[in-house]
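Fold and geometry: a report
Listed below, chain by chain, are the residues.
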Amino acid sequence: MKLLLKQALIADRHSPYNGQVKDILIADGTIEKIEDHLDAEVDQLIETEGLTVSPGWVDIFAHFNDPGYEFKETLESGANAAAAGGFTNVFLIPNSNPVVSNKAQVEYIVQKAKGFSVTLLPLGSITKNADGKELAEMYDMRNSGAVAFTDGTNAVQTSGLLLKALQYVKACNGVLIQIPVDNSIGQHGLMNEGIISTQMGLPGIPAIAEEIIISRDIELLRYTQSKLHITGISTSKGIELIRAAKISGINITCSVTPYHLFFCDEDLQQYDTNLKVNPPLRSRSDMMALRQAVMDGVIDCIVSHHLPHDWDNKTCEFEYAKYGMIGLESSYSVFNTLFPHMPIEQVTDLFSSKARKIFNLPQPSIDLNNQADITLFDRSSKYIFDNSCIKSKSKNTPFTGRELSGKVIGIINKESLYLND
(Lines give C-alpha, C1' and ligand atoms only; values in the text may rest on other atoms or scores of the structure.)
Protein backbone atom coordinates (compact mmCIF):
# COMPACT_ATOMS: atom_id res chain seq x y z
CA MET A 1 0.00 0.00 0.00
CA LYS A 2 1.29 3.46 -0.99
CA LEU A 3 0.42 6.55 1.04
CA LEU A 4 1.19 10.18 0.34
CA LEU A 5 1.05 12.77 3.11
CA LYS A 6 0.84 16.27 1.62
CA GLN A 7 2.37 19.31 3.30
CA ALA A 8 2.84 17.74 6.71
CA LEU A 9 4.67 19.57 9.48
CA ILE A 10 7.23 17.11 10.86
CA ALA A 11 7.42 17.24 14.68
CA ASP A 12 10.27 14.88 15.49
CA ARG A 13 13.42 16.09 17.24
CA HIS A 14 15.22 12.91 16.08
CA SER A 15 14.51 13.63 12.39
CA PRO A 16 16.70 15.77 10.11
CA TYR A 17 13.41 17.20 8.80
CA ASN A 18 12.19 18.36 12.20
CA GLY A 19 10.15 21.58 11.98
CA GLN A 20 9.86 21.41 8.18
CA VAL A 21 6.71 21.08 6.05
CA LYS A 22 7.17 18.23 3.58
CA ASP A 23 5.40 15.71 1.39
CA ILE A 24 6.00 12.17 2.66
CA LEU A 25 5.67 9.04 0.52
CA ILE A 26 5.24 5.75 2.38
CA ALA A 27 5.22 2.37 0.60
CA ASP A 28 4.39 -0.87 2.43
CA GLY A 29 5.14 0.75 5.76
CA THR A 30 8.52 2.23 4.75
CA ILE A 31 9.23 5.94 4.30
CA GLU A 32 10.47 6.15 0.68
CA LYS A 33 10.62 9.89 -0.03
CA ILE A 34 10.49 13.16 1.90
CA GLU A 35 10.50 16.21 -0.35
CA ASP A 36 9.02 19.69 -0.66
CA HIS A 37 6.52 18.49 -3.26
CA LEU A 38 5.77 14.99 -4.51
CA ASP A 39 3.40 13.60 -7.13
CA ALA A 40 2.85 9.86 -7.24
CA GLU A 41 0.21 7.25 -7.95
CA VAL A 42 -0.88 6.16 -4.48
CA ASP A 43 -3.60 4.14 -2.78
CA GLN A 44 -4.32 6.84 -0.23
CA LEU A 45 -3.74 10.60 -0.37
CA ILE A 46 -3.87 12.45 2.95
CA GLU A 47 -4.16 16.18 2.46
CA THR A 48 -5.50 18.10 5.45
CA GLU A 49 -5.00 21.68 6.49
CA GLY A 50 -2.81 21.84 9.59
CA LEU A 51 -1.53 18.27 9.18
CA THR A 52 1.23 17.51 11.69
CA VAL A 53 3.09 14.20 11.99
CA SER A 54 5.19 12.87 14.85
CA PRO A 55 6.61 9.52 15.99
CA GLY A 56 3.77 7.28 17.14
CA TRP A 57 2.38 8.05 20.58
CA VAL A 58 2.67 5.70 23.54
CA ASP A 59 0.16 5.18 26.37
CA ILE A 60 1.61 3.34 29.34
CA PHE A 61 -1.49 2.52 31.42
CA ALA A 62 -4.73 1.26 29.87
CA HIS A 63 -7.17 -1.53 30.72
CA PHE A 64 -8.55 -3.63 27.85
CA ASN A 65 -10.27 -6.15 30.19
CA ASP A 66 -9.38 -9.18 28.08
CA PRO A 67 -9.60 -11.91 29.27
CA GLY A 68 -12.51 -12.02 31.68
CA TYR A 69 -14.31 -8.68 31.32
CA GLU A 70 -14.88 -8.45 27.58
CA PHE A 71 -18.30 -6.86 28.12
CA LYS A 72 -16.39 -3.69 29.06
CA GLU A 73 -13.62 -3.83 26.45
CA THR A 74 -11.79 -6.30 24.24
CA LEU A 75 -8.31 -6.18 22.78
CA GLU A 76 -9.85 -5.31 19.42
CA SER A 77 -12.16 -2.53 20.63
CA GLY A 78 -9.38 -1.17 22.85
CA ALA A 79 -6.97 -1.13 19.91
CA ASN A 80 -9.55 0.79 17.87
CA ALA A 81 -9.93 3.31 20.71
CA ALA A 82 -6.16 3.70 20.89
CA ALA A 83 -5.85 4.25 17.14
CA ALA A 84 -8.63 6.83 17.24
CA GLY A 85 -6.70 8.63 19.98
CA GLY A 86 -3.44 8.61 17.99
CA PHE A 87 -1.63 5.91 19.95
CA THR A 88 0.46 3.34 18.08
CA ASN A 89 1.68 1.61 21.26
CA VAL A 90 -0.36 0.87 24.40
CA PHE A 91 0.69 -0.82 27.65
CA LEU A 92 -2.06 -3.04 29.09
CA ILE A 93 -2.42 -3.27 32.85
CA PRO A 94 -2.72 -6.84 34.19
CA ASN A 95 -6.03 -6.55 36.08
CA SER A 96 -7.93 -8.99 33.88
CA ASN A 97 -9.43 -12.33 34.91
CA PRO A 98 -7.15 -14.19 35.28
CA VAL A 99 -4.58 -11.56 36.19
CA VAL A 100 -1.56 -11.38 33.88
CA SER A 101 0.89 -12.81 36.41
CA ASN A 102 2.60 -15.58 34.45
CA LYS A 103 4.16 -16.06 31.04
CA ALA A 104 1.13 -17.89 29.61
CA GLN A 105 -1.08 -14.84 30.16
CA VAL A 106 1.55 -12.54 28.64
CA GLU A 107 1.82 -14.79 25.59
CA TYR A 108 -1.97 -14.83 25.21
CA ILE A 109 -2.03 -11.03 24.76
CA VAL A 110 1.07 -10.95 22.55
CA GLN A 111 -0.32 -13.57 20.17
CA LYS A 112 -3.91 -12.30 20.09
CA ALA A 113 -2.83 -8.72 19.36
CA LYS A 114 -0.53 -9.48 16.43
CA GLY A 115 -3.00 -8.47 13.72
CA PHE A 116 -3.92 -5.04 15.08
CA SER A 117 -2.62 -1.74 13.73
CA VAL A 118 -1.78 -0.74 17.31
CA THR A 119 1.06 -2.50 19.11
CA LEU A 120 -0.29 -3.85 22.41
CA LEU A 121 2.32 -4.43 25.09
CA PRO A 122 1.30 -6.42 28.19
CA LEU A 123 2.32 -5.30 31.67
CA GLY A 124 2.99 -8.21 34.01
CA SER A 125 1.80 -8.03 37.59
CA ILE A 126 4.33 -7.43 40.35
CA THR A 127 2.55 -9.85 42.66
CA LYS A 128 0.61 -13.02 41.93
CA ASN A 129 -2.99 -12.13 41.10
CA ALA A 130 -2.04 -8.50 41.83
CA ASP A 131 -3.06 -9.11 45.44
CA GLY A 132 0.13 -7.81 47.05
CA LYS A 133 1.06 -11.03 48.85
CA GLU A 134 3.74 -12.85 46.84
CA LEU A 135 6.00 -11.86 43.95
CA ALA A 136 4.91 -13.02 40.50
CA GLU A 137 7.13 -14.68 37.89
CA MET A 138 8.51 -11.40 36.58
CA TYR A 139 11.62 -12.79 34.87
CA ASP A 140 9.60 -15.33 32.86
CA MET A 141 7.03 -12.69 31.93
CA ARG A 142 9.77 -10.33 30.79
CA ASN A 143 11.17 -13.00 28.48
CA SER A 144 7.67 -13.63 27.10
CA GLY A 145 7.02 -10.00 26.21
CA ALA A 146 6.02 -8.07 29.34
CA VAL A 147 7.25 -4.53 28.81
CA ALA A 148 7.23 -3.59 32.54
CA PHE A 149 5.54 -4.59 35.81
CA THR A 150 2.69 -3.20 37.86
CA ASP A 151 -0.21 -4.34 39.97
CA GLY A 152 -2.24 -1.90 37.90
CA THR A 153 -5.10 -0.38 39.83
CA ASN A 154 -3.71 -1.93 43.04
CA ALA A 155 -0.70 -0.21 44.59
CA VAL A 156 1.78 -2.53 46.30
CA GLN A 157 1.20 -1.78 49.97
CA THR A 158 3.91 -3.84 51.69
CA SER A 159 7.28 -2.10 51.77
CA GLY A 160 9.33 -5.30 52.00
CA LEU A 161 7.58 -6.80 48.98
CA LEU A 162 8.09 -3.70 46.83
CA LEU A 163 11.74 -3.58 47.91
CA LYS A 164 12.24 -7.17 46.73
CA ALA A 165 10.47 -6.40 43.44
CA LEU A 166 12.70 -3.37 42.83
CA GLN A 167 15.76 -5.51 43.45
CA TYR A 168 14.45 -8.37 41.31
CA VAL A 169 13.78 -6.34 38.16
CA LYS A 170 17.31 -4.97 38.09
CA ALA A 171 18.44 -8.31 36.66
CA CYS A 172 16.35 -7.74 33.52
CA ASN A 173 16.63 -3.93 33.40
CA GLY A 174 12.92 -3.76 34.20
CA VAL A 175 10.75 -0.91 35.43
CA LEU A 176 7.98 -0.97 38.05
CA ILE A 177 4.88 1.20 37.63
CA GLN A 178 3.03 2.20 40.78
CA ILE A 179 -0.21 4.10 41.45
CA PRO A 180 0.37 6.26 44.56
CA VAL A 181 -2.41 5.22 46.94
CA ASP A 182 -2.06 4.07 50.55
CA ASN A 183 -5.16 1.93 50.99
CA SER A 184 -5.03 2.15 54.78
CA ILE A 185 -5.68 5.91 54.69
CA GLY A 186 -9.12 7.05 53.61
CA GLN A 187 -10.00 3.43 52.94
CA HIS A 188 -13.69 4.17 52.41
CA GLY A 189 -13.16 7.55 50.76
CA LEU A 190 -14.96 8.41 47.54
CA MET A 191 -13.25 11.68 46.54
CA ASN A 192 -10.58 14.14 47.64
CA GLU A 193 -10.82 15.08 51.30
CA GLY A 194 -11.47 18.80 51.62
CA ILE A 195 -14.10 21.50 51.76
CA ILE A 196 -15.95 20.11 48.74
CA SER A 197 -16.20 16.57 50.16
CA THR A 198 -17.55 18.04 53.41
CA GLN A 199 -20.14 20.11 51.55
CA MET A 200 -21.19 17.07 49.51
CA GLY A 201 -21.36 14.77 52.52
CA LEU A 202 -18.97 12.23 51.01
CA PRO A 203 -16.08 10.52 52.83
CA GLY A 204 -12.72 11.79 51.63
CA ILE A 205 -9.34 10.43 50.58
CA PRO A 206 -6.70 12.79 52.01
CA ALA A 207 -3.73 13.91 49.94
CA ILE A 208 -1.41 12.29 52.47
CA ALA A 209 -2.57 8.88 51.22
CA GLU A 210 -0.69 9.65 48.02
CA GLU A 211 2.23 11.50 49.51
CA ILE A 212 3.16 8.79 52.03
CA ILE A 213 3.34 6.16 49.27
CA ILE A 214 5.45 8.42 47.03
CA SER A 215 7.80 9.26 49.91
CA ARG A 216 8.14 5.60 50.88
CA ASP A 217 8.71 4.46 47.30
CA ILE A 218 11.38 7.11 46.77
CA GLU A 219 13.31 5.82 49.79
CA LEU A 220 12.99 2.21 48.62
CA LEU A 221 14.19 3.27 45.19
CA ARG A 222 17.11 5.17 46.67
CA TYR A 223 18.09 2.03 48.61
CA THR A 224 17.78 -0.38 45.66
CA GLN A 225 19.01 1.93 42.85
CA SER A 226 16.36 0.38 40.61
CA LYS A 227 13.78 2.01 38.28
CA LEU A 228 10.30 3.21 39.27
CA HIS A 229 7.55 5.10 37.49
CA ILE A 230 4.74 6.78 39.47
CA THR A 231 1.57 7.14 37.42
CA GLY A 232 -1.58 9.16 38.06
CA ILE A 233 0.10 11.66 40.34
CA SER A 234 -2.49 14.12 41.66
CA THR A 235 -1.11 16.32 44.49
CA SER A 236 1.20 19.32 44.58
CA LYS A 237 3.30 17.83 47.39
CA GLY A 238 3.62 14.58 45.44
CA ILE A 239 5.05 16.61 42.56
CA GLU A 240 7.54 18.33 44.86
CA LEU A 241 8.68 14.99 46.30
CA ILE A 242 9.35 13.65 42.80
CA ARG A 243 11.02 16.88 41.70
CA ALA A 244 13.43 16.68 44.66
CA ALA A 245 14.06 12.96 44.04
CA LYS A 246 14.97 13.63 40.42
CA ILE A 247 17.39 16.38 41.44
CA SER A 248 19.03 13.94 43.89
CA GLY A 249 19.78 11.63 40.96
CA ILE A 250 17.62 8.55 41.56
CA ASN A 251 15.89 6.87 38.63
CA ILE A 252 12.28 7.94 39.14
CA THR A 253 9.81 9.14 36.52
CA CYS A 254 6.13 10.09 36.63
CA SER A 255 3.04 10.62 34.53
CA VAL A 256 -0.24 12.50 34.85
CA THR A 257 -3.66 11.97 33.27
CA PRO A 258 -5.35 14.64 31.15
CA TYR A 259 -8.37 14.50 33.47
CA HIS A 260 -6.30 15.38 36.54
CA LEU A 261 -5.09 18.41 34.57
CA PHE A 262 -8.58 19.36 33.36
CA PHE A 263 -10.80 18.77 36.42
CA CYS A 264 -10.61 19.32 40.17
CA ASP A 265 -12.85 18.27 43.07
CA GLU A 266 -15.10 21.31 42.48
CA ASP A 267 -16.31 19.62 39.27
CA LEU A 268 -17.76 16.75 41.31
CA GLN A 269 -20.54 18.84 42.83
CA GLN A 270 -23.09 17.41 40.39
CA TYR A 271 -22.15 13.87 41.52
CA ASP A 272 -21.05 12.87 38.00
CA THR A 273 -19.88 9.27 38.47
CA ASN A 274 -17.63 9.57 35.41
CA LEU A 275 -15.46 11.85 37.57
CA LYS A 276 -15.07 9.21 40.27
CA VAL A 277 -11.46 8.16 39.73
CA ASN A 278 -8.55 6.83 41.76
CA PRO A 279 -6.34 8.70 42.60
CA PRO A 280 -9.18 11.18 43.02
CA LEU A 281 -9.51 14.63 41.48
CA ARG A 282 -7.80 16.93 43.95
CA SER A 283 -8.16 20.61 44.84
CA ARG A 284 -7.90 23.45 42.34
CA SER A 285 -4.47 24.37 43.71
CA ASP A 286 -3.30 20.77 43.17
CA MET A 287 -4.65 20.85 39.60
CA MET A 288 -2.80 24.09 38.85
CA ALA A 289 0.41 22.66 40.37
CA LEU A 290 0.13 19.67 38.04
CA ARG A 291 -0.26 21.97 35.04
CA GLN A 292 2.83 23.89 36.08
CA ALA A 293 4.75 20.64 36.55
CA VAL A 294 3.91 19.71 32.96
CA MET A 295 5.28 23.04 31.75
CA ASP A 296 8.39 22.69 33.93
CA GLY A 297 9.21 19.21 32.63
CA VAL A 298 8.79 17.42 35.97
CA ILE A 299 6.05 15.28 34.37
CA ASP A 300 7.59 12.78 31.96
CA CYS A 301 4.51 11.36 30.22
CA ILE A 302 0.85 11.95 29.60
CA VAL A 303 -1.11 8.77 30.35
CA SER A 304 -4.77 7.96 29.66
CA HIS A 305 -5.60 5.63 32.59
CA HIS A 306 -8.23 4.24 30.20
CA LEU A 307 -10.55 2.27 32.51
CA PRO A 308 -13.76 1.23 30.70
CA HIS A 309 -16.89 0.39 32.68
CA ASP A 310 -20.28 -0.84 31.60
CA TRP A 311 -23.44 1.24 31.99
CA ASP A 312 -24.57 -0.45 35.21
CA ASN A 313 -21.32 0.33 37.03
CA LYS A 314 -21.47 4.05 36.26
CA THR A 315 -25.17 4.86 36.07
CA CYS A 316 -25.83 4.38 39.77
CA GLU A 317 -25.39 6.12 43.11
CA PHE A 318 -21.99 7.78 43.48
CA GLU A 319 -21.12 5.52 46.39
CA TYR A 320 -21.51 2.36 44.31
CA ALA A 321 -19.96 3.56 41.02
CA LYS A 322 -16.66 2.01 39.95
CA TYR A 323 -13.53 4.14 39.74
CA GLY A 324 -12.24 5.28 36.37
CA MET A 325 -13.11 6.68 32.94
CA ILE A 326 -12.18 5.94 29.36
CA GLY A 327 -9.48 8.22 28.01
CA LEU A 328 -7.65 7.02 24.91
CA GLU A 329 -9.81 8.83 22.35
CA SER A 330 -9.85 12.15 24.22
CA SER A 331 -6.34 12.36 25.76
CA TYR A 332 -4.66 14.48 23.12
CA SER A 333 -7.55 16.87 22.56
CA VAL A 334 -8.02 17.46 26.28
CA PHE A 335 -4.30 18.10 26.70
CA ASN A 336 -4.10 20.39 23.68
CA THR A 337 -7.13 22.35 24.90
CA LEU A 338 -5.21 23.11 28.10
CA PHE A 339 -1.82 23.70 26.44
CA PRO A 340 -2.52 25.06 22.94
CA HIS A 341 0.75 27.03 22.77
CA MET A 342 3.13 24.40 24.15
CA PRO A 343 6.11 23.87 21.81
CA ILE A 344 5.34 20.92 19.56
CA GLU A 345 8.60 19.12 20.50
CA GLN A 346 7.56 19.18 24.16
CA VAL A 347 4.16 17.73 23.23
CA THR A 348 5.72 14.84 21.31
CA ASP A 349 8.14 14.21 24.17
CA LEU A 350 5.20 13.87 26.58
CA PHE A 351 3.19 11.63 24.27
CA SER A 352 5.97 9.57 22.71
CA SER A 353 9.70 10.06 23.17
CA LYS A 354 10.04 10.04 26.94
CA ALA A 355 7.91 6.91 27.43
CA ARG A 356 10.00 5.12 24.81
CA LYS A 357 13.19 6.11 26.62
CA ILE A 358 11.90 5.14 30.10
CA PHE A 359 10.72 1.70 28.98
CA ASN A 360 13.45 0.96 26.43
CA LEU A 361 11.19 0.94 23.39
CA PRO A 362 12.51 1.58 19.86
CA GLN A 363 12.62 5.29 19.02
CA PRO A 364 11.19 5.67 15.50
CA SER A 365 12.24 8.63 13.42
CA ILE A 366 10.55 10.22 10.41
CA ASP A 367 13.43 9.74 8.01
CA LEU A 368 14.16 8.00 4.73
CA ASN A 369 14.06 4.17 4.67
CA ASN A 370 12.66 3.95 8.22
CA GLN A 371 9.57 1.98 9.13
CA ALA A 372 6.58 4.27 9.60
CA ASP A 373 5.37 4.47 13.19
CA ILE A 374 3.56 7.78 12.91
CA THR A 375 0.72 9.74 14.48
CA LEU A 376 -1.16 12.26 12.31
CA PHE A 377 -2.91 15.16 14.03
CA ASP A 378 -4.06 18.76 13.73
CA ARG A 379 -3.38 21.15 16.62
CA SER A 380 -5.83 23.91 15.70
CA SER A 381 -9.21 22.43 14.73
CA LYS A 382 -12.04 22.58 17.27
CA TYR A 383 -14.78 20.00 17.54
CA ILE A 384 -17.45 18.64 19.87
CA PHE A 385 -16.40 15.37 21.49
CA ASP A 386 -19.43 13.06 21.23
CA ASN A 387 -20.25 9.37 21.07
CA SER A 388 -19.18 9.19 17.41
CA CYS A 389 -15.63 9.89 18.61
CA ILE A 390 -15.67 6.88 20.96
CA LYS A 391 -14.50 3.52 19.60
CA SER A 392 -14.36 1.86 23.01
CA LYS A 393 -17.17 -0.51 23.98
CA SER A 394 -17.73 1.67 27.06
CA LYS A 395 -18.84 5.31 27.13
CA ASN A 396 -17.88 6.38 30.66
CA THR A 397 -16.35 9.79 30.00
CA PRO A 398 -17.18 13.28 31.30
CA PHE A 399 -15.95 14.89 28.07
CA THR A 400 -19.02 14.00 25.98
CA GLY A 401 -20.58 17.19 24.64
CA ARG A 402 -17.54 19.38 25.36
CA GLU A 403 -15.76 21.46 22.75
CA LEU A 404 -12.12 20.43 22.49
CA SER A 405 -9.23 21.81 20.48
CA GLY A 406 -6.86 19.67 18.45
CA LYS A 407 -7.86 16.52 16.65
CA VAL A 408 -6.20 13.21 15.84
CA ILE A 409 -6.38 12.38 12.14
CA GLY A 410 -5.04 8.83 12.37
CA ILE A 411 -2.00 6.59 12.69
CA ILE A 412 0.36 4.67 10.42
CA ASN A 413 1.89 1.59 12.05
CA LYS A 414 2.81 -2.00 11.16
CA GLU A 415 2.25 -1.32 7.43
CA SER A 416 -1.36 -0.28 8.07
CA LEU A 417 -3.29 2.97 8.11
CA TYR A 418 -6.06 4.00 10.49
CA LEU A 419 -7.99 7.21 9.78
CA ASN A 420 -10.68 8.79 11.92
CA ASP A 421 -13.96 9.57 10.20
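A brief structural summary. (Residues numbered from 1 in each chain as written. Predicted model: local features only at pLDDT ≥ 70, side-chain atom pairs only at ≥ 80, totals over all residues. Heavy atoms only, no water.)

Focus: the overall build of the chain
The following threshold applies: Only DSSP runs of H or I with at least four residues qualify as helices, and only runs of E with at least two residues qualify as strands; both kinds are numbered from the N terminus onward. Throughout, radius of gyration means the C-alpha value; the globule benchmark is 2.2 Å times the number of residues raised to the power 0.38. Any residue under 20% of the maximum accessible area for its type is buried, any over 50% is exposed, and the rest in between are partly exposed; the area is computed with a 1.4 Å probe on protein chains only. Whether two residues are in contact is decided by their heavy atoms: any pair within 4.5 Å suffices. Computed by Shrake-Rupley with a 1.4 Å probe, the accessible areas treat only the displayed protein chains as cover when residues are assessed. Working convention for charge: Lys and Arg count positive, Asp and Glu count negative, and His plus the chain ends are omitted. In this description, the location of a charge corresponds to atom NZ of lysine, CZ of arginine, CG of aspartate or CD of glutamate.
A tally of regular secondary structure across the chain gives eleven helices and 18 strands. Expected size for 421 residues packed as a compact globule is a radius of gyration near 22 Å; at 21 Å, the chain falls within 12% of this value. Seen along its three principal axes, the alpha-carbon backbone of the chain occupies a region of about 65 × 50 × 45 Å. Out of the 421 residues belonging to the chain, those deemed buried represent 60%. Across the chain, every contact between residues at least 6 apart in sequence was considered, and the portion connecting residues at least 24 apart equals 75%. Counting only carbon and sulfur atoms, one obtains 48% of the accessible surface of the chain, whose full area is about 16200 Å². In the chain, 37 side chains carry a positive charge and 50 a negative one; their mean positions are 5 Å apart.

Here's the deal with the side chain of Asp 66
For the record, the criterion: N or O atoms closer than or at 3.5 Å make up a polar contact, with two conditions inside protein: a donor-capable atom paired with an acceptor-capable one, and, for residues adjacent in sequence, both atoms drawn from side chains.
Considering the arrangement of structural elements, one finds Asp 66 in the loop between β6 (57-62) and α1 (75-84). A polar contact is formed between the side chain of Asp 66 and the side chain of Lys 112, at a distance of 2.9 Å. What Asp 66 contacts, discounting residues up to four positions off in sequence, is Glu 73, Thr 74, Leu 75, Ser 96, Tyr 108, Ile 109 and Lys 112.

Looking at the layout of surface pockets
Unfilled space is identified by rolling a water-sized probe across the atoms. We apply this condition: Computed over the protein atoms alone on a 1 Å grid, cavities are sets of points where a 1.4 Å probe fits but cannot get out and pockets are open sets with protein on both sides within 12 Å along at least five of seven lines; a residue lines them when it has an atom within 4 Å of a point. Grid points are joined across faces, edges and corners, and a volume is the space filled by probe spheres set on the points. Following the grouping adopted for this structure description, the nonpolar residues are Ala, Val, Leu, Ile, Met, Phe, Trp, Tyr, Cys and Pro, the charged ones are Asp, Glu, Lys and Arg, and the polar ones are all others, Gly among them.
Its boundaries defined by the atoms lining it, the largest pocket holds a volume of some 730 Å³. Thr 153, Asn 154, Asn 278, Lys 322 and Tyr 323 are, among the 26 residues lining the largest pocket, the residues nearest its centre. Here the lining of the largest pocket is built from residues that sort into eleven nonpolar, twelve polar and three charged. Empty space within the second largest pocket amounts to approximately 210 Å³. Surrounding the second largest pocket, Ala 84, Glu 329, Ser 333, Tyr 383, Phe 385, Ser 388, Cys 389, Lys 391, Lys 407, Val 408, Asn 420 and Asp 421 form its lining. Taken together, the residues that form the lining of the second largest pocket break down as five nonpolar, three polar and four charged.

Comments concerning the pairing of strand β7 (residues 87-92)
As a reminder, the rule being used: Strand pairing is assigned whenever DSSP identifies at least 2 bridges connecting the two strands.
Of all six residues in β7, six are buried; the element is thus mostly enclosed. As judged from the four bridges shared by β6 and β7, these two strands associate in the parallel manner. Bridging from a neighbouring strand, Asp 59 pairs with Val 90 of β7. Pairing between β7 and strand β8 (residues 119-122): four bridges, direction parallel. Bridge pairing in β8 links Leu 92 to Pro 122.

A few points about the environment of Ser 405
The topology assignment puts Ser 405 in strand β17 (residues 403-413). With 38 residues separating them in the primary sequence, Ser 405 and Asp 367 have C-alpha atoms 29 Å apart. Once residues within four sequence positions are removed from consideration, Ser 405 is found in contact with Ser 333, Asn 336, Thr 337, Arg 379, Ser 380, Ser 381 and Lys 382.

Regarding the environment of Gln 225
With respect to the helices and strands, Gln 225 occurs in the loop between α6 (208-224) and β13 (228-231). Every residue in contact with Gln 225, bar those within four places of it in the chain, is listed here: Lys 170 and Ile 250.

Observations regarding the sheet that holds β8
Heads up, the condition is: Axes here mean lines fitted to C-alpha atoms, for a helix over just the part in contact, with angles spanning 0 to 180 degrees between N-to-C directions.
Strand order in the open sheet formed by three strands is β6-β7-β8, and the pairing between neighbours is parallel. Each edge of the open sheet is held by one strand with a lone partner, namely β6 and β8. Strand after strand, the sheet turns through a mean of 20 degrees between neighbouring axes, direction not considered.

Brief notes about α1
Most of α1 sits out of view: eight of its ten residues are buried. Restricting attention to buried positions, one finds in α1 the residues Leu 75, Ser 77, Gly 78, Ala 79, Ala 81, Ala 82, Ala 83 and Ala 84. Turning to α1, the residues buried within the fold contact β7, α2 (103-112), β8, β17 and β18 (416-419). Just downstream of α1 lies Gly 86, where phi reads positive at about 90 degrees.

Focus: the sheet that holds strand β10 (residues 176-178)
The strand order across the open sheet built from five strands is β9-β10-β13-β14-β15, with neighbouring strands paired in parallel fashion. Looking at which strands have only one partner, the edges of the open sheet turn out to be β9 (149-150) and β15 (301-302). Where β10 meets β13, three bridges bridge the pair, whose relative direction is parallel. Note on β13: the bridge partner recorded for Leu 176 is Leu 228.

A closer look at the pattern of salt bridges
Short version of the rule: Only one rule defines a salt bridge in this text: a Lys or Arg side-chain nitrogen within 4 Å of an Asp or Glu carboxyl oxygen.
Considering all chains together, one arrives at 13 salt bridges under this definition. A salt bridge links Lys 6 to Asp 23, with the shortest nitrogen-to-oxygen separation between them at 2.7 Å. Of the two residues, Lys 6 sits in strand β1 (residues 2-10) while Asp 23 sits in strand β2 (residues 21-27), which places them 17 residues apart along the sequence. Asp 23 carries the same exposure label as Lys 6, and that label is buried. With its nearest N and O atoms 3.3 Å apart, the salt bridge here joins Glu 240 to Arg 243. Residue Glu 240 and its partner Arg 243 are both found in helix α7 (residues 236-248); the two are separated by three residues, about one turn of the helix. The exposure class assigned to Glu 240 is partly exposed, which follows from its relative accessible area of 41%. Residue Arg 243 is classed as partly exposed on the basis of its relative accessible area, which comes to 25%.

Re helix α11 (residues 344-358)
To keep it simple, the criterion reads: How far a helix is expected to stretch is found by multiplying one less than its residue total by 1.5 Å. We define the bend at any residue as the angle between the axes fitted to the seven residues before and including it, ending there, and the seven starting there.
Across its 15 residues, α11 extends 20 Å between first and last C-alpha, which sits within 8% of the 21 Å expected from 1.5 Å per residue. The axis of α11 is deflected most strongly, by about 55 degrees, at Leu 350. For α11, every residue scored as buried is listed here: Ile 344, Val 347, Thr 348, Asp 349, Leu 350, Phe 351, Ser 352, Ser 353, Ala 355, Arg 356 and Ile 358. The first or second residue beyond α11 is Asn 360, which carries a positive phi of 55 degrees.

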